[in-house]
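Listed here are the chains, written in short residue letters.
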Amino acid sequence: MKKNYTFLSMLVAGCFLSAPLVSCGDDKDDNPVVHPDPQGEEVMTIENQKKYLDKVAEELMNTMKAEDFQALANLTNHIRYNYIDRSDWDDVGDWAKDCLDGLRRQVGVPSSDTQTSGSGNYVYITNTITTNYESLVFASNFCSRFTANGRKWTRTDADHLEFVFTDQSGQTCVLKLETSGKVVPVHMGSLEESDRSYSSSTTGNKTTYVTNRYYNETDYTIGVPEHIVVTLTQGGSEVVRSAVDINLASISGAEFDISRSSLNVSTETTLNNGYKITTKDITLAGNSKASVAFSLTKNGQMLVTMTLSGDMSGLPSYTVSSLVAEEASSSDFDNVNGRSVVAKVDVLGKVQVQGTISDVSKWVEYTDDAKSNRRNESTFKSYINQANSLTDINLYYNGYEQKQASVKLEPFASQTWNNETRWDAEAVMYFYDGSSYSTFEAFFNEKDFKSVIDHFKALADKYAGLVDEKIYW
C-alpha cells in the first residue's frame, strides 16, 4: 500500500472534528429541529445545527471538568517528582537484571573465532566468543515488594510485584501488579548483548594486543497472562484500577503469525473520580477482521464512544519473532488492505458521526494518483471522484437515521508563483439544503462558536496545568 496518507488524514480528521462539539440540554423548547417528527428527526437548518452543536459542546465540557482530576494530578505530580525524578532506581534495575539473567539457560557450548593481524614487533589478536541462551520469562518470575526508603528502594519477598511509598500527606500508597488465568507462551525472538575486554603483553621487542569480544545471543519466549490487573491505592482506598484481558488463539507452538493467529484484548480503567475508560474487542484476526471499541463514562453516564472495524487482507506470513529479527521489509506489506472499514463516534448520545471506506488501498491509490496529476484538471478531478465513490461519511443527531450533513473531498484550484494552476483537494461539509462549507474552519468559525471555543481553550489550559504543574512537598 502506498504511504502517502495526506488526503486520508484530511478525510478522517473531517469525520472526527465534529466529535468534540457535542452537548445539549433536554429542554424540548431549546430543540432546534425545524419540524419535530415523532417518527424521526427532520433535517436541521445550518443555523440551528450550529446552535445545537454549540450546546452539545458546552454540555460535554461542563461534564468533563478539569477539577475532577485535581486530586489525581496532585498525587501523580508528587509521585513523579519524589519517586521517579529523585529516587535511585539502581537497586531495582539490578534486581530485574538478576531475575532476567537467572532465567537464561545456556544452549550448547560457546563458539569462538580468532583473527590475527600485524607482524614483527606488533601483533593484534581478536577473539570472538559467542554464547547462545534460551529464556522463558513469566510475570511470576518478577515478584517482590519495594518500599521507598528515602531516595532508595528496599526489597522484600512477595507473591506479586508492588511498590510502597507515601503521598504528600504521609498516607501509604501501593502500586501493585498481579496476573492470573492461563499463560500462553509467545516466542519473541533473539536479542544480543555484547561486551569486550583488552589486554597486552610484551616479550622482548614484541608486543601482543588481545581484544576479546563477547556476544550473548538470548532467544526469548514470554508468557502472556490471560488477566493483568494494576492497582494504585492511597490510604487504603483504590485510586486507579486497570484490568487487561488477553485472549490469544491459533498459535502454532509458541509462534504468533500475524496473517493467521488471533488476538483479542479488552481493557478497563476505573478512576476514583467516577470516570471509566473501556476498550473492548481490540481484535486482530489475521487476514480476516480487525476492530476496536472505546468508551468513556462518568458516574455511569456515557460521554463518548468510538468503534472501528474492517475486513483485513494482504497481511504477509510473518511471526512476531521474525518481525523482531527485522526479517520483514516495508514492501512485504504493500498488499495490506482494509475493506468495508467503518468508523463511528457518538457523543452523549446526541451527536453521531459515521464514516465508511469500502476499499482503503484503492482510496489511497486514487488520492495519490490525484496528487501526481495536480496540473491536469480533468484527471485530478476524475481521481478525486473515484476516491469519493469509496467513502460515505455522515453526521447524525440523537441516534436518528436522518443525515444532517456529509463530508466529501472537493477539488479546488490554486495559483503558483508563476501563475501556473495546480489542483488540491480538501474535506468539505455538505448540508442537505444544498449549501456547503469549503473548510471546517469556515463552519466552526470563531463568530458562531466563540463561547465554546473560548471555553475549550480555558479547559485545555486547565488540563495542561494539571500535567505541567510541579508540586514540591
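This is a predicted model, so every value here is computed, not measured. (Residues numbered from 1 in each chain as written. Predicted model: local features only at pLDDT ≥ 70, side-chain atom pairs only at ≥ 80, totals over all residues. Heavy atoms only, no water.)

## A word on the nonpolar core
Spelled out, the test is: Put simply, a nonpolar core is a bunch of buried Ala, Val, Leu, Ile, Met, Phe, Trp, Tyr and Cys residues held in one set by side-chain atoms that sit within 4.5 Å of each other. When a residue's accessible area, from a 1.4 Å probe over protein chains only, is under 20% of the maximum for its type it is buried; when over 50% it is exposed; and in between it is partly exposed. Under the DSSP-based scheme used, a helix requires at least four consecutive residues in state H or I and a strand at least two consecutive residues in state E, with every element numbered from the N terminus. In this analysis, two residues are considered to be in contact whenever any of their non-hydrogen atoms come within 4.5 Å of each other.
Of all hydrophobic cores here, the largest spans 55 residues; its most connected members are Leu303 and Phe443. By residue number, the principal contributor to this core is helix H2 (residues 46-63), which donates seven residues. Those residues in contact with Phe443 that sit more than four places away from it in its chain are Ile46, Lys50, Leu53, Met429, Phe431, Tyr437 and Phe449. Formed by 14 residues, the second largest nonpolar core is a distinct cluster that contains Val364, Ala370, Phe380 and Leu409.

## Quick notes on the pairing of strand S15 (residues 391-397)
Short version of the rule: Only strands that DSSP links by at least two bridges are regarded as paired with each other.
A large share of S15 lies buried, amounting to six of its seven residues. By the bridge criterion, seven bridges tie strand S14 (residues 351-359) to S15 in an arrangement that is antiparallel. Within S15, the residue paired with Gln352 across the bridge is Tyr396. Here S15 runs beside strand S16 (residues 405-415); their pairing, made up of three bridges, is antiparallel. When the sheet's bridge partners are listed, Asn394 is paired in S16 with Ser406.

## A word on the side chain of Thr211
Considering the arrangement of structural elements, one finds Thr211 in strand S7 (residues 206-234). On the accessibility criterion, Thr211 (16% relative accessible area) is buried.

## Section: the environment of Lys298
Mapped onto the secondary structure, Lys298 falls in strand S11 (residues 289-298). When its relative accessible area of 15% is taken as the criterion, Lys298 is described as buried. Taking the C-alpha atoms as reference points, Lys298 and Asn273, separated by 25 residues in sequence, lie 8.2 Å from one another. The contact partners of Lys298, leaving out residues within four places of it in the chain, are Thr63, Asp68, Gly274, Tyr275 and Leu303.

## Details of helix H6 (residues 360-372)
Note the threshold: A helix is expected to reach a length of 1.5 Å times the quantity of its residues less one. In the analysis that follows, any N or O atom pair within 3.5 Å is treated as a polar contact, provided that within protein one partner can donate a hydrogen and the other can accept it, and provided that, for residues neighboring in sequence, both atoms belong to side chains.
Given a rise of 1.5 Å per residue, 13 residues ought to cover 18 Å, and the 18 Å separating the end C-alpha atoms of H6 matches this to within 8%. Taken together, the buried positions of H6 are occupied by Val360, Trp363, Val364, Tyr366, Thr367, Asp368, Asp369 and Ala370. Between the side-chain oxygen of the N-cap and the backbone nitrogen of Ser361 there are 3.2 Å, and the N-cap of H6 in question is Asp359.

## Considering the side chain of Lys50
Structurally, Lys50 is set in helix H2. For Lys50, a relative accessible area of 10% gives the class buried.

## Considerations on unusual backbone geometry
Leave glycine aside and you will find that most residues have negative phi; peptide bonds, for their part, are mostly trans. Phi is positive for Asp281, close to 55 degrees, though the residue is something other than glycine. Note on placement: Asp281 falls in strand S10 (residues 275-285). Look at Asp281 and you get partly exposed, because its relative accessible area is 42%. For Asn299, which is not glycine, the phi dihedral falls at a positive 50 degrees. Assignment of secondary structure puts Asn299 in the loop between S11 and strand S12 (301-313).

## Description of helix H4 (residues 90-102)
For clarity, the threshold we go by: Our arc is simply the arc of the directions from the helix axis toward the C-beta atoms.
Here H4 is 13 residues long and its end C-alpha atoms lie 18 Å apart, about the 18 Å a rise of 1.5 Å per residue gives. Along H4, the residues classified as buried are Val92, Trp95 and Cys99. Each buried residue of H4 lies within a common arc of 60 degrees when the element is viewed along its axis, so the set occupies one face. Opposite its buried face, H4 presents the exposed residues Asp90 and Asp98, each directed more than 90 degrees away. Looking at the buried residues of H4, the elements they touch are strand S3 (144-149), strand S4 (152-156) and strand S5 (161-166).

## A word on a nonpolar patch on the surface
Just so we agree on the cut-off: Patches here are clusters of residues that have more than 30% relative accessible area and form no salt bridge, with a 9 Å joining cutoff for like charges and a 5 Å cutoff for nonpolar side chains (Val, Leu, Ile, Met, Phe, Trp, Tyr). Each accessible area value is a Shrake-Rupley result obtained with a 1.4 Å probe; residue values ignore everything except the protein chains displayed when judging cover. For this analysis, a salt bridge means a side-chain nitrogen from Lys or Arg found within 4 Å of a carboxyl oxygen belonging to Asp or Glu.
Taken together, the side chains of Tyr122, Tyr124 and Tyr209 define a hydrophobic patch exposed on the protein surface, amounting to about 310 Å² of accessible area. Note on placement: Tyr124 falls in strand S2 (residues 122-137).

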